[in-house]
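Survey of secondary and tertiary structure
Okay, here's what each chain looks like letter by letter:
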Amino acid sequence: MNFFNFVYLVMSPFFFFGGFLNMFMSFFFFSQNFSFLIYWSFYYSSFSINFPFYFDFISCLFMSLVLLISGSIVLYSDYYMEFEIYKVRFFFLMFFFVVSMIFLILCPNIFCMLLGWDGLGLISYCLVIYYQNYKAFCSGMITALTNRIGDVFILSCIALCFSMGSFNFINFLCLEDLYFMGIFFVIASMTKSAQVPFSAWLPAAMAAPTPVSSLVHSSTLVTAGVYILIRYNFFLTKEMNFFLICISLLTMIMSGFSGMLEFDLKKIIALSTLSQLGFMISSIGLGFSELSFFHLITHASFKALLFMCAGLLIHNLFNIQDIRLYGLLSENNSLIICFFNIANLSLCGFPFLSGFFSKDLILELMLMESIGGLFFFLYSLGTFLTVFYSFRLFIFLTFKKISFSCTEANSKFIGTQKSMFLLFFFSVALGLLGSNLFFFHYNYVILPFFLKNFISVLCILSFLMCYCFSYYYSILNSLYVKFFSQMWFLGFVKTDFLKPFSFYFSYMNSKLLVGFIEMNYGYISYNFLNFFSLIMNKFIKSLFFMFFIFFVFFMFLVVYFISF
C-alpha cells in the first residue's frame, strides 16, 4: 500500500465522521436555540495567540456539509487521479483547502478569519495551476489577482476593527455606525463569489482537476463570499442591499445567457454556479438571509454531484468536453446519467427535489415584495435562463443521436459511483428535510392564482423553447450572440489582457530592474562580500591557532600538576 492509498483510506472516514458529528451538533443547537464561543489560546513565554471558534447552528451545519462533500470527493479522487504523478501533493492541497474553509466558517475574529480567507485564495491558485501549462497559468493568475482585491478590503476591515478596539465581530452586534465595514465586506464578497465585474475567474478556474472544481463550486471558495454576507448581514444597510440586488441580477442574466450558448460541459456547470451565486446574493439583498443559507446548502449537494458526474463522463469519453459530441449516454453510463439528470433537475428547481424547496420559496417570497417591474422582469428572465440551460444539457446528454461513448468498467470505477450515493440522497431529500426541520415558518406562502402558477408556467415555457432551439448552431456567428456567449466580453481579461500585461511586463521588469541592480549593486556587493569572507577566514584561522595554543598550555599545566 503506497502513501496516497493510506492517506485516502484514513482521511475519507475522518471527513465523514466529522461531517455527521457536526450535523448532529447543528440539530442540537437548533433545537436548544443556543451557541457557544471557545477561545483556544497558545502561550509562548510572554507571547499569547487566541483563536476564537464560534459554534452555532449555521456554522456546524455548513461545516458538516463541507466535510461530507470533501469525504465523497476524496473517495472519488482515488479513481479520477489514478494515473497522476503528483497525487500526494494534490491530496494535501485539498486537505489544506478544506482546513482553510473551516477556519473561515468558525472564526468570528477577523485575524483568524483572514487565515481561512487568504488560505482559500492561495491554495486555489496552487490547485488551478496543477497541470502546469499556459492555460492553467492564465487561469491561475486571474484567480489569484481577483482574490487579492478581496484580500485588500479584508485588510481594510482589520484597520477599522483596530480603530474600534476589537477584532471580534460579536462585539459589533449592537453598533450602528458600521457603514464602511459593510462596504468592505460587500466588495470582498463580490470578488470571492465572482459577481460582476469580477466574474471572469470562475469559468477560468475550470483548468483545475474536476475534483477540485466539484469542491470549489459547491461548498468552499465561491461560497465564502455568500457565507460572510449571511453571517455578518448586520453590517448591511438598505443602500447596500439595493446594490447587491442590482449586481447579483446582472450576474444571473450574464451567466444565464453564457450558459445557454456554451458547449463546454464543465463551463456550463461553472456558469450555472455563477447564476446560483447571484440568486443567493439577491435573496440576501431582499432580506432572506436564512433562505439564502438554505439554498446554499442544497446547492452545494447537487452542484458537487454535477461536477463529479461530469468528470466521470469526460474521463470515460477520452477527455471530450464538447456536448455536441455527446449523446445517448444512458446506454453505456446509465447510473452516472441518472445521477447527473437528478442533480440537473434539482438545479433548475424541478418539483420535490432539493433545489425546489429552497428556490421556489425564495421566488414566491420575491413575488410578495414590492421590488418594481424591472427587478421582477430580471428575476423572471434569470429563472427562465436557468431552466433553459439545464434542460439543454439534459437533451444533449440523454436524447441526442450522436454518441462516441466508451466506459471503462473496473473495480475503482464502481467504487467511485458508490461515493456519489450520499450526494444523490442529499440532492433528492435534503430540501424536504431542511424545510420541515429548520425553515418551517416560511413554508406557507399565500398568493393569487396567477402568481402562484407563474413560476411553473415560466419553467414549462423555457423547456419548450429549449427543446425547439437547442440544435441550432448557425446563429453563433452573430456578434450579439458572441457578446452574450462570452460573458459580455469579460473573459478577455483571462487571455488578451494577461498575456501582454503579465508576460511582457514581467519580462521588461526583469530586464530593467534586475539588470539595474546587478550593474550598480552587484559589483559592490561582490567586493564587499569577498573582503568580508577574507577577513573572517583570517580571523577564524587565528582563532583556531589561539585555541590550539591555549589547549597545549592547558594540557601542559595538567601534566605538570599531576606529576606533583
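What you see is a predicted model; the values in this text were computed from it and never measured. (Residues numbered from 1 in each chain as written. Predicted model: local features only at pLDDT ≥ 70, side-chain atom pairs only at ≥ 80, totals over all residues. Heavy atoms only, no water.)

1. So, the overall build of the protein chain
Looking only at helices and strands, the protein chain has 20 helices and two strands in total. Relative to its full complement of 564 residues, the protein chain shows a buried share of 53%. At a minimum sequence separation of 6, the contacts of the protein chain that also span at least 24 residues come to 81%. Summing over all exposed atoms, the protein chain offers an accessible surface of approximately 26900 Å²; the carbon and sulfur share of this is 73%. (Helix = DSSP H or I, 4+ residues; strand = E, 2+ residues; numbered from the N terminus. Buried < 20%, exposed > 50% of the residue type's maximum accessible area, 1.4 Å probe, protein only. Contact = heavy atoms within 4.5 Å. Areas by Shrake-Rupley, 256 points an atom, 1.4 Å probe, with all protein chains shown as cover.)

2. Observations concerning the packing of aromatic side chains
Across all of its chains, the model carries 40 aromatic pairs by this definition. Here the aromatic rings of phenylalanine 356 and phenylalanine 357 are separated by 5.6 Å at their centres, their planes lie at 75 degrees, and the arrangement is edge-to-face. A network of ring pairs unites the aromatic residues Phe28, Phe29, Phe34, Phe36 and Phe55 as a single cluster. Here the guanidinium or amino end of lysine 192 rests over the ring plane of tryptophan 117, the centre of that ring lying 4.7 Å away. Above the face of the phenylalanine 263 ring, arginine 392 is positioned so that its terminal group lies 4.8 Å from the ring centre. (Phe/Tyr/Trp six-rings, centres within 6.5 Å; stacked < 30°, edge-to-face > 60°. Lys NZ or Arg CZ within 6 Å of the ring centre and 35° of its normal.)

3. Some words on the nonpolar core
Ranked by size, the top nonpolar core spans 176 residues in total, and within it Phe62, Met113, Phe169, Phe185, Leu265, Phe340 and Leu397 carry the most contacts. Residue contributions to this core peak at 17 residues, all from helix α12 (residues 289-316). The residues touching leucine 265, leaving out its near neighbours within four places in the chain, are Ala310, Ile314, Gln321, Ile323, Tyr326, Phe340 and Leu393. (Core = buried A, V, L, I, M, F, W, Y, C linked by side-chain atoms within 4.5 Å.)

4. What about helix α14 (residues 354-368)?
Look at α14: 22 Å from first C-alpha to last across 15 residues, which is about the 21 Å you get at 1.5 Å a residue. The buried fraction of α14 amounts to 13 of the 15 residues, a majority that puts the element mostly inside the structure. (Expected span 1.5 Å × (residues − 1).)

5. Re the confidence of the model for the protein chain
Summary statistics for the protein chain give a mean pLDDT of 80 and a share of 77% for residues scoring 70 or more. Confidence scores differ between elements of the protein chain, with helix α20 (residues 492-563) showing the lowest mean pLDDT of 60 and helix α11 (residues 265-285) the highest of 91. (pLDDT = per-residue confidence, 0-100.)

6. Description of the side chain of asparagine 241
By the element assignment, asparagine 241 lies in helix α10 (residues 238-261). Excluding its chain neighbours within four sequence positions, the residues that come into contact with asparagine 241 are Leu236, Ile284 and Gly285.

7. Thoughts on the pattern of salt bridges
For side chains bearing opposite charge, pairing can occur when the charged atoms are close. Per the stated rule, a full pass over the model turns up five salt bridges. The salt bridge partner of aspartate 118 is arginine 148, with a shortest N-O separation of 3.2 Å. Of this pair, aspartate 118 sits in helix α4 (residues 110-128) while arginine 148 sits in helix α5 (residues 134-164); the two residues are 30 residues apart in sequence, bridging distant segments of the chain. Between glutamate 364 and lysine 452 there is a salt bridge whose closest N-O contact spans 3.2 Å. (Salt bridge = Lys/Arg side-chain N within 4 Å of Asp/Glu carboxyl O.)

8. Here's the deal with the packing of helix α9 (residues 221-231) against α12
It is at 10 Å that the axes of α9 and α12 come closest, and there the two elements cross at 150 degrees. Accordingly, the angle class assigned to the pair α9 and α12 is roughly antiparallel. Between α9 and α12 the crossing geometry is left-handed. Contact with α9, carried on its side by Thr223, Val226 and Ile230, involves Ser289, Ser292, Phe293 and Leu296 of α12 and no other residues of that element. When its residues are assigned to classes, the contact of α9 with α12 shows four nonpolar, three polar and no charged. (Axes fitted to C-alpha atoms, helices over the stretch in contact; angles between N-to-C directions. Parallel < 35°, antiparallel > 145°, perpendicular 65-115°, else oblique. Left-handed = near helix turned anticlockwise from the far one by under 90°. Nonpolar A, V, L, I, M, F, W, Y, C, P; charged D, E, K, R; others polar.)

9. Quick word on α4
Taking 1.5 Å of rise per residue, the 19 residues of α4 would be expected to cover 27 Å, and the 26 Å separating its terminal C-alpha atoms lies within 8% of that figure. Capping of α4 at its N-terminal end is provided by asparagine 109; its side-chain oxygen lies 2.8 Å from the backbone amide nitrogen of phenylalanine 111. (Polar contact = N/O pair within 3.5 Å; in protein donor to acceptor, adjacent residues only side chain to side chain.)

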